[in-house]
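# Summary of structural features
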Amino acid sequence: MSSTTLSLSRRIQLREATPYLFRKALLLWLSVGWFGALVLPWYQAYDGFWSFIWIEDGWPLDDEYSPGILQIFMQDRLWLLPLMICIGLPIICFGWKRDDPRLANFLMGCGGLGLCWILLQGFVIGLRGWNSEAFLLLLGSPGPSQEGMGYGALLVASCLLFLFTQGWSLRGGVQGDGFVTGAIGLNVLLVLLFIFYPVVKILFSALLNEEGALAPILFFQKLTSERIWQLNCFNTGLSCGVAWNSLYLAILVGITTTLLGLAFALLVTRTSIRGKQAYRAITLLPIITPPFVIGLAIILLFGRSGVVSSFLEWAFGIPPTRWIYGLPGIWFAQTMAFTPIAFLVLVGVVEGVSPSMEEAAQTLRANRWQTFQTVTWPLMRPGLANAFLLGFIESLADFGNPLVLGGNFEVLSTQIFFAIAGAQADQGMAAVLALVLLGFTLTAFWIQRRWLGQRSYVSVTGKGDAGIPVQLPKRVRTGITLVCVPFGFLSLTLYGMILFGGFVETWGYKHNFTFKHYLDAFAVSWSDKFGLMWEGTAWNSFWTTLQISAISAPLTAGLGLLTAWLLVRQRFAGKDVFEFITMLSFAIPGTIIGIGYILAFNVPPIEITGTGIILIVCFLFRNMPTGIRAGVAAMAQLDPSLDEASLTLGAPSSTTLRKILLPLLRPAMLAALVFSFVRAMTAISAVIFLVSADYDMATSYILGRVENGDYGLAIVYSSVLIIVMLIVIGGIQWVVGQRQLGRRGSSPISWSGNG
Amino acid sequence: MNNTVHTAVEFLKVTKAFGNVKAVRDVSFQIKSGELVTLLGPSGCGKTTTLRLIAGLEMASGGQIMIGGRDVTQLPATDRDVSMVFQSYALFPHMTVLQNVSYGLTMSRLSKNLVEEQALNGLKLVGLTGFEKRLPSELSGGQQQRVAVARALVLEPEVLLFDEPLSNLDAKLRRRVREEIRDLQQQLQLTVVYVTHDQEEALAVSDRIIVMQEAVIAQQGSPRELYESPKTRFVADFIGDANLVNGQLVSSEGEMGKLQLDELTIQLPHLNLPIGEVTVAVRPEAIMLDPRPEATGIPGTVHKAVYLGSHLEYEIKSAVGELFVIDPLGKEFIAEGHPVRLRIRERGVNLVHD
C-alpha cells in the first residue's frame, strides 16, 4: 500500500458549508414570504387559481387584487399586520450565529404565532363579517369581511411553516434535520387541513339546526331516528333502518369476498391447475374498473330486459322481475367487485404459511387433511379476518353499485348523497348519516389495526425456505374448483357484457349492431373552418378526467412516498399518532370526504369548491394511503444503513432521499404513480359531490347517463375508460421493463441489524 | 496527517434515552488522535449507540460530545467531520465502486478532477485499483468491505468509525481483514473507533479498549491491562475466560492485599475492597494441576478432561468450587476421576468488584 497524498482542502469547506446553506434556505423562504406579502394578490380572485387576469385588471391598487401590505394600509385590514411582523422580524437572524440559543426559539415563535394567527383570522373573519357569535356580540355586527385566501396568503403561510420547522430542527428536533422537520410540518398541516378539518366540519354541521344554532337535542333525535335504526324487517314486512341495512350488507359482502378470495388464493398457490397467470391477471380488472360498472353489467344480464331474464322468459315462460334491484343485486355486484381485493390479501397470507411447518406436521404423522386442519388453517386465520374487514369497509364505502342497483334498499353511502342532492336537501341529516357511517368504518379500521396488528403469525423468515407447499386434500380441491370456475366464468361474462354491450342499440329491445353510441360519445370531425372538432358528448369530461388524474397522480405518489419515508426512516415524537392520522383517510368513505369538502371549502378562508383544485386535492388525500403503503413496503426492503452511510458522508437528508432512496425505489414509485392515476380515473363516491360544470369527471358523467337510462353511452364510455387505463398501465410497465433496475445488486449487501 | 496529538473525540456525561430505556448512561471518555479505540461489550450494552452518537446518527439526550475540540452535540450527521464503515457496508447498489467512493467527496463540493483523484487514491490504498467500474453486487464480501473502507477513508475524517466491520465475513477472512484495517490505521495515523462484540478481535486491533456493560463503561484500558487486571467480575468474564470463585481478603497494606483461597495465600491489589469475603477471578491458564499424591495446594478431582490438540482442558471439582483449567501440552494427561492438587500463578489472579 502506498503512502497517502490526500489533501486537506475538504475539511475547510465542510466547516463552511452548513451555516452557508442554512442562511441560504432561510433567505429563500423569507423571500417567498415577502414576495407573497408585498407583490401577489392576498385574496383569491374570482377567476380561479390559474387565471392571471389580475395582472392587467387593476392590480396592485384594486381592492380585489391588492397584496397583503396594501390591504392593511388601504383597506384597513389591520388584522393582517401581525403576519407581516412575523415574516419581517426574522431578518434580524442574519446577524446571529447558527448556534445562538435565541435563534431556534425565535424562529419557532415567529413561525408558530404567524401560522396560528393566519388560521385564526381566516376562520374568524369571513365573507360577511364575524364568523363567530362571540365576536358578533362582543364587537358588534357585521364586523370586517374578507374573501378566501389567495396566492399571497399561500406563500406567507408556507414561509411561516418553514420558519417554524426550521426553528424546531435547530432545537434538535428529528436529529436537527431541517428538511425532515419541514416535511413533517407540511404533512401534518395538510392532513389537518384536508382530512381532519372536513370531518370535524361534518360533526359541527350535524350539531347545528337549519338556522345555524347549536341544537344538541335535534342532533340526538336525528342520530337515534327510526330511519337509521328501526328493526322492522325482522318482525314486519317493512324495511329496516339504513344503518342496519349497511351493516348487514357489509357483513354479507365481507363473508362472501373472503371465502371466494380464499378459494382463489388456494387454487392459485396450492394446486397444479393451469393458467394461474390468467387468474392473477383477472384480479387486475376490478382495479381499473369504475366501481359501478359491475352493477351496470349485472343489470344487462339480470335486469328486466337483461339477457338472462329474457332467456328465462323465452325458454320457461318465467316473467322478468325486478328482483336484482335491492339487497341481492348490491350483494352480488360488491362480491364480484371486491373479491379480487380479498384475493390479493389472501394470496400473501397463503404464501406466507411456511411450507416447512406443514412438512413438519406431516413428518409428525398428520395426513393432508389433518395438516390443513391443524396447521395451515389456524395460521391463516388472522389473514382471513383482515380480508373480511377490508371487504366490510369497502362495502360500506361503496357508492356506485348501491346507486345503480339499490332500488328501495337504502344504504348509508347513497342516503348521504340523496340527503344533500335530493329533494330534502337536509345538510344536517347528511352529516348525521355520515357520522354513523364513519363510526362503522373507523371501528372496523381500529379493530383491524389494534387487534389484528398484533396477532398476525408471520412465518416467513428471511432465511431461505426450501420446502414445497403441500397440495390440498382432494375434497377441498374439488370444492374450490367447483366454486372458482363458475365465478371466473361469470366475471368474464360481465366484462364481456361491458365491452360488447356498447355495440348493441337498445338492450332487451333492439339487439342490432351499431356504432351509434360510440359516435354519440366520441365523434371527432374535421372542418376547414374550425379544424379538428371534438364533437362527442363525452370528450369534455374525458379530457378533464385525464388532466386531473395526470396532475394528481405524481403529487399523490410524491406525497405518499415522502410520508412513507418519514414513517419508516425518521424518528420523532408523536410518530404513532402521525401514522394513524395519515392512514385514517383510508378508512374514511369517499362519500364522507365529498360532503366534508363541500361543507369545509365552500366558504373562505379556503374556498375551492367548483374548481379543478378541489378534485386534485381530494384525489391527493383519498389516494395517499396507497402511495404510503407502496412506499413503506418498498423502503422496508432497503437497509437503513444506506441512508445513514449517505448522511455520514456529508449528504443532507434531502440529497440522500434524491440520490440514494429514489433511484432504489423507482419500481415502487411507478407502481404508486400508476395506482393513483387509475384510482383518480375510476373514483366516484367523493367526486360526485365535487364536480362542477367546468370540471365534470368521466365517472360522474357516466352515472348521470345511467340515471337517465342511457345505458348504451354509459357502457361505451366505461369500456373506453377501461381500455385507456390498460394502455396506460401496459405502457408504463413496458417502459419500466426496458430499463429494469439491477435489483440483484442490493441482495448480497442488504443485511440489517447491528449489535 | 495529525502531527500533534490532541483529543479527537470527547464524551462528557453523555446519556441517550429511548423512551424510558437508557441505552447510554452518563458516559465519559476521551479518544486521542491517531488512536484505535474499541468499544467492546455484549449485544445491548450500548456500544453501537455510542458509536452512532459519535456519528450523529443518534442525538444525545444529555451531556456533551466534542469532536476535534468542537462541540457537536446538536450537529446532525451530515455536518460532523466523521465517517463510518457500516456492518452491512451499506454500499449504494445502484452506483459503481468509483461512484460510491466519490460520493462523500462530491457532497463536499470538491472539483470534479479532485474528486476523481482522491477516489482513485482511496481505492489504491485498499488495493482495489481496476475495480472502479464494477457494481457492488459484482464484488466479493471482502472486496465490498474494502470499498466501504475506502469510501469512508477518502474524506479524511477527524475520526473514522467501524461498526462490527468483520461480522459479515467468514472466519478465515476475518483475521486478514482485521490486520489490514490495523495496518492502514497505523500507516495513515487514523483515529478510529471500532465496535465489536468479539473480545479476541478487540484484543488484536486496539490501542485501547472501552468495555461497556448495561449502558455504562465497565472499564477502559490497553488490551493487556484489561486482560491482566480486570476490575469487575463482568470484565474478567467477558475478556478471556475466568473462573469466578469466593475467597477471603484477610489483610491489606498500601495497594496490596493478602488473599486466602483455601490453602493458598496470594498477594494482589485489593482494589479498596473491604476485608472479608471477596470475588476472585482466576484465569484458566494460571491454574497448575499436580497429580502427585505428595503435592500441596487446593485439593480437587478431575471431573472432565478434553484433548484439543494444542492444549488440554479440564473441569475440576475443588474445595473452592468448579474450575475450568487450560493446560498447555507437554505434561502427561490426567484421567477423569483422578485427585489433584491446584496451585495458582499470581499473575493470573485478580480481585474483582461484583
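Residues numbered from 1 in each chain as written. Chains lettered and ligands numbered in written order. Predicted model: local features only at pLDDT ≥ 70, side-chain atom pairs only at ≥ 80, totals over all residues.

### Structural notes on the nonpolar core
- Leu160, Leu296, Ile298 and Ala434 of chain A together with Leu161 and Val193 of chain B are the most contacted members of the largest nonpolar core, which totals 316 residues.
- Ranked by residue count, the leading element in this core is helix α15 (residues 327-352) of chain A, at 14 residues.
- If we ignore the near neighbours within four places in the chain, the residues touching Leu161 of chain B are Leu51, Ile54, Ala55, Val82, Met84, Val85 and Val193 of chain B. (Core = buried A, V, L, I, M, F, W, Y, C linked by C-beta atoms within 7 Å. Buried ≥ 20, exposed ≤ 12 C-beta atoms within 10 Å, placed from the backbone. Helix = DSSP H or I, 4+ residues; strand = E, 2+ residues; numbered from the N terminus. Contact = placed C-beta atoms within 7 Å.)

### Some thoughts on the sheet that holds strand β7 (residues 159-163) of chain B
Residues and elements named next belong to chain B.
- The six strands are arranged β6-β7-β8-β3-β9-β10 in an open sheet whose pairing can be described as mixed. Edge positions in the sheet fall to β6 (82-85) and β10 (216-221), since each has one partner strand and no second. The mean angle between the axes of side-by-side strands here comes to 20 degrees, regardless of whether they run parallel or antiparallel.
- Strand direction decides the pairing type here: β7 and strand β8 (residues 192-196), joined by four bridges, are parallel. Note that in β8 the partner of Leu161 across the bridge is Val193. (Pairing = 2+ DSSP bridges. Axes fitted to C-alpha atoms, helices over the stretch in contact; angles between N-to-C directions.)

### Section: the packing of helix α13 (residues 293-302) of chain A against helix α14 (residues 307-316) of chain A
Residue and element names in this part refer to chain A.
- Running from N to C, α13 and α14 point in directions that differ by 10 degrees, and their axes come no closer than 3 Å. Compared by their axis directions, α13 and α14 come out roughly parallel. Where α13 abuts α14, its residues Leu300, Leu301 and Phe302 lie against Val307, Val308 and Ser309.
- Across the contact of α13 with α14, the residue classes break down as five nonpolar, one polar and no charged. (Parallel < 35°, antiparallel > 145°, perpendicular 65-115°, else oblique. Nonpolar A, V, L, I, M, F, W, Y, C, P; charged D, E, K, R; others polar.)

### Here we look at the sheet that holds strand β2 (residues 21-32) of chain B
All names here are of chain B.
- Within the open sheet, the four strands sit side by side as β2-β1-β4-β5. Their pairing is antiparallel. Each end of this open sheet is capped by a strand with a single partner; those strands are β2 and β5 (70-71).
- Sitting on the sheet, helix α1 (residues 47-55) touches β1 (7-18), β2 and β4 (62-67), and the angle it makes with β2 is about 65 degrees.

### Points about the packing of helix α3 (residues 81-88) of chain A against helix α6 (residues 151-170) of chain A
All names here are of chain A.
- For the pair α3 and α6, interaxial distance at closest approach is 10 Å and the crossing angle is 45 degrees. It follows from the interaxial angle that α3 and α6 lie oblique. With respect to the hand of their crossing, α3 and α6 are arranged in left-handed fashion. Residues Leu83, Cys86 and Ile87 of α3 lie in contact with α6, whose contacting residues are Val156, Cys159 and Leu160.
- Taken together, the residues that form the contact of α3 with α6 break down as six nonpolar, no polar and no charged. (Left-handed = near helix turned anticlockwise from the far one by under 90°.)

### Focus: helix α27 (residues 640-648) of chain A
- Within α27 of chain A, eight of the nine residues are buried, leaving the element largely enclosed by the surrounding structure.
- Of the positions making up α27 of chain A, those classed as buried are Ser641, Leu642, Asp643, Glu644, Ala645, Ser646, Leu647 and Thr648 of chain A.
- Elements that come into contact with the buried residues of α27 of chain A comprise α23 (539-569) and α28 (653-664) of chain A together with α1 and β6 of chain B.
- Directly beyond the C-terminal end of α27 of chain A, a positive phi value near 95 degrees is found at Gly650 of chain A.

### Overview of the confidence of the model for chain A
Residue and element names in this part refer to chain A.
- Of the residues in chain A, 88% reach a pLDDT of 70 or more, and the chain-wide mean stands at 79.
- Within chain A, the element-level pLDDT minimum falls on helix α1 (residues 9-38), averaging 67, and the maximum on α23, averaging 90.
- In the predicted structure, residues 1-17 sits below a pLDDT of 50 and forms 24 contacts with residues beyond four places in sequence or in another chain.
- Within the model, pLDDT remains below 50 along residues 454-466, and this stretch shows 15 contacts once partners closer than five positions in the same chain are excluded. (pLDDT = per-residue confidence, 0-100.)

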